[in-house]
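Residues per chain, in single letters:
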Amino acid sequence: MEKNNEQDWYNFWDKQGYFKADPSSSKKSYSLLMPPPNLTGELHLGHAMQHSIMDAIARFKRMQGFDVLLLPGVDHAGILFEGTFNKVLEKQGLSKRKLGREEWLKRAWEFRDEIYKSFHKTWTVMGISADWSREVFTFEPKIQKAVFEEFKRFWDEDLLYKGAYIVQWCPKCGTAIEDIEMEYQERIGKLYYVKYKIEGLDEYIEITTVRPETVYADVGIAIYPNHPKYREYIGKNAVNPLAGRKLPIFEDKRVDPKFGTGALKITPGHDLLDYEIGKDHNLEILHAIDKMGKMTELAGDLVGIKAVEARKLAFENLEKIGAISKVEEYSHSVPVCERCKTVVEPLISTEWFVKTKPLAEKALKNLDKINFLPKNYKKMLVDWYKEIHDWSISRSLWWGHRIPVWYCGKCNKTHNVGKDEGMVVSFDRPEKCPKCGGSNLIQDEQVLDTWFSSGLWPIATLGFPKKTTELKRYFPWNFEISAPEIKYLWIARMIMLSLHFVNEIPFKNMFFHGMLRDLQGQKFSKSLGNGIDPNELIKQWGVDSVRMALYGYSIPGRDGKTSKQLMSERCKNYRNFGTKLKNIYRFVIELKPDSLSSSDQSENKDDKEILEKLNSMVQEATKNIDNFSLHLAVEAIYNFVWHDFADIYIEKSKNRREEAQPTLEKVLKEIIIILHPFMPFLTEELYQKLPEHKKSIMLDNWPKS
RNA sequence: GAGCCCGUAGCUCAGUGGUAGAGCGUUCGGUUCACAUCCGAAAGGUCGAUGGUUCAAAUCCAUCCGGGCUCACCA
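Values in this document were obtained by computation on a predicted structure and should not be read as measured data.

Conventions adopted
- Residues numbered from 1 in each chain as written.
- Chains lettered and ligands numbered in written order.
- Predicted model: local features only at pLDDT ≥ 70, side-chain atom pairs only at ≥ 80, totals over all residues.
- Heavy atoms only, no water.
- Near = heavy atom within 4 Å.
- Polar contact = N/O pair within 3.5 Å; in protein donor to acceptor, adjacent residues only side chain to side chain.
- Helix = DSSP H or I, 4+ residues; strand = E, 2+ residues; numbered from the N terminus.
- Nonpolar A, V, L, I, M, F, W, Y, C, P; charged D, E, K, R; others polar.
- Pairing = 2+ DSSP bridges.
- Expected span 1.5 Å × (residues − 1).
- Buried < 20%, exposed > 50% of the residue type's maximum accessible area, 1.4 Å probe, protein only.
- Arc of directions from axis to C-beta.

Asks: Looking at this model, I keep getting lost on the protein's contact with RNA strand B. Mind explaining?
Replies: In the neighbourhood of RNA strand B, 43 residues make up the surrounding shell, with Tyr330, Lys561, Lys582, Asn583 and Trp642 lying closest. By atom count, sugar and phosphate contribute 67% of the portion of RNA strand B lying within 4 Å of the protein. The side chain of Tyr488 places a nitrogen or oxygen atom 3.2 Å from a sugar or linking oxygen of RNA strand B. Mapped by element, the contributors of at least two residues to the surface near RNA strand B are β8 (204–209), β13 (324–337), α13 (487–502), β25 (560–561), α16 (564–590) and α18 (630–653). Split by residue class, the surface near RNA strand B holds 18 nonpolar, ten polar and 15 charged.

Next comes the structure, spelled out in structure tokens:
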């Protein structure tokens, strides 16, 4: 079996079907669920690490005699993909609006195909032994059915509702997003002290705000209970300095006495806390800023101006009428959309929500069944579940699962939701309205949050909602891996949804790897341009070396600082290790004396010692892989091969070569096998040249210790 | 503001109760040897600080300092 390069070996394995799981097998199963990378472009070093880890465990388990399923796939990544794709269109002078939904979607799918090609290339180059016959894309028809089932069941169980609530709105992406899709940036801003005149008196309440442009939508003033200075105004009205509107003054314990003047202007349309307070005091909700991030008619002369620019103008308007008493420099954190970094605008929008309390409670009860690595991550999830908010699942995008709700164009023009309204939950267009019999049914315009489908990943990949043999055999997954940054968005959701829909935890072992960072400790990102391209490293040092280098970083929950140079040094080190292995092979097999009278039994002290060391190394490596401490397994093997075997034993064996030959061959074969999960290509190449071997190293057995 | 993690050799990091470790770097020596080099040796660390538990602490506990992450409605 002559193969010229790594790609040939990969094709050989693939063609032989070694990557395929076999549900009808009598072997015990072991299942690993690949986290689907986002459909946005190249795979980066973090993906390379994730996939190397999964592949090592998969290959290890196969050699231990398990029927292994390593299931691959890709996530359609709604908001993220849509942003990326729209940028591509922009460069071509096109846009969503110009193309229209249908044409835009057609082109989006074509763009998807391009990205797919690049993903698959990287996976095959890396030697990932996934069962490609079971590959899943989160937006493919099969998954659309599963997601529909998810939605339908939630609806039937009364866990879904639609309503106008205050949401985090990204004006750039043009959609509502969730708290956990935001991040905070420290900004220096200004804190404005604004005077609100008391109606009928020549007295004022002073209020601090960082957003004077929202004054136009102020509808009340809250002070903390028993405010020494302002409590006499309770029940009176203040006057909105910009809008002239009357503002009722009342107490509310949610106002922080320690902050500012102890009085808070209430703008329910543009602030979460104000929304809550406003609701409890029956205040009107007004909008000074619209969904495009521009000022509304409410802002008078500022109408149409971007909110960010309106801030200064609103301040000037206030100053002109003498309503500003003081301005301070102020440093605070500003919420931005984690995808596009635009400042998020809280506003009222009609969205769909999932009631998450019952789901979270069930998750909490079952969390102990999952082995988290590192352990302390469990606590973070516990805390999150305990304080969970309802999940806003609708997004005003095109790239995603369309909300499977149809409204009657005749009797439900306002798109009301309810069982006795002209509304149907259906995958396909319903023929007629259940209420009036009309045939003009219109589908909800919005799509579902990406994580609404990704959360179903552990079961949708195995055929949910059908009760498949795969679901029975491979679920719960033995192993799942993820970057920690999506633990709430994704991991927490998978746990809730799996428990809800199939009544089981989704995975038994949950491995959170660390984040690779640059030497300053910053994340690798496109915008910083500090990324390291795994393909470049592979080209220079070979896949096996890159994989080995990455296992050094595969410690649960531990971030690793690195750079192109440091990665290269590590890779070079393992490239040299590969060379060492080749030379060991050359010495033991190619250059062996002709006149060998081999014997298996040796009473020689050196032979006994190396075999003992081999045995304890195998034990250690096996234990460490079982514990998912790949870095320790790799270290143990590395030290044994290079130092115990090559430097010491082989050197000594040169004086008694013939006698040592059986031991040399035995140790060589075993280290090649034990290295296979980590260095799949080189080990197969050498394995094939051993005097006795199976058709592939993938079919050989992990040494028992 | 709360929680979690980290602080070990010049650099990047393992090690988490029993005589301080690896890779790279540095210095010295060897190498027509299985070695796209390799081998041998050396230098280099009060394991962030202080206190405690213990026969024994880098490791456990407390406090503090420094760095990071996560969460939170601070106007």
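Asks: It is not clear to me how the sheet that holds strand β14 (residues 345–354) should be interpreted in this structure. Could you clarify?
Replies: Remark on secondary structure: sheet strands pair via backbone hydrogen bonds, oriented parallel or antiparallel. Read from one edge to the other, the open sheet built from four strands follows the order β6-β5-β14-β16, with strand pairing classed as antiparallel. Each edge of the sheet is formed by a strand with only one pairing partner; in this case those strands are β6 (175–177) and β16 (391–392). Taken together, the two bridges between β14 and β16 define a ladder with antiparallel strand orientation. Across the sheet, residue Phe353 finds its bridge partner in β16, namely Ser392.

Asks: Whenever I open this one, helix α3 (residues 78–91) confuses me. Can you help?
Replies: Think of an α-helix as 3.6 residues a turn; residues three or four steps apart then line up on the same face. Look at α3: 20 Å from first C-alpha to last across 14 residues, which is about the 20 Å you get at 1.5 Å a residue. Taken as a whole, α3 has its buried residues at Gly78, Ile79, Phe81, Glu82, Phe85, Asn86 and Leu89. Taken around the axis of α3, the buried residues stretch over an arc of 155°, which confines them to a single face. Seen from the open side of α3, the exposed residues pointing more than 90 degrees away from its buried face are Lys87, Glu90 and Lys91. With its phi angle positive at about 75°, Gly93 sits one or two positions after the end of α3.

Asks: Would you mind showing me how to read unusual backbone geometry here?
Replies: Negative phi values dominate among residues other than glycine, just as trans dominates among peptide bonds. The omega angle of the peptide bond from Phe464 to Pro465 is 10°, so this bond is cis rather than trans. Each neighbour pair has its own omega, and for Phe475 with Pro476 the value is -5°, a cis peptide bond. Mapped onto the fold, Pro476 is located in the loop between α12 (469–474) and β22 (477–482). Not every positive phi belongs to a glycine, and Asn282 is a case in point at roughly 55°. Looking at the element boundaries, Asn282 is found in the loop between α6 (272–280) and α7 (307–320). Accessibility expressed as a relative area gives 70% for Asn282, which makes it exposed. Notably, Phe628 is not glycine yet its phi reads approximately 65°, a positive angle. Of note, Phe628 is situated in the loop between α17 (605–626) and α18. Looking at Phe628, the relative accessible area reads 5%, which means it is buried.

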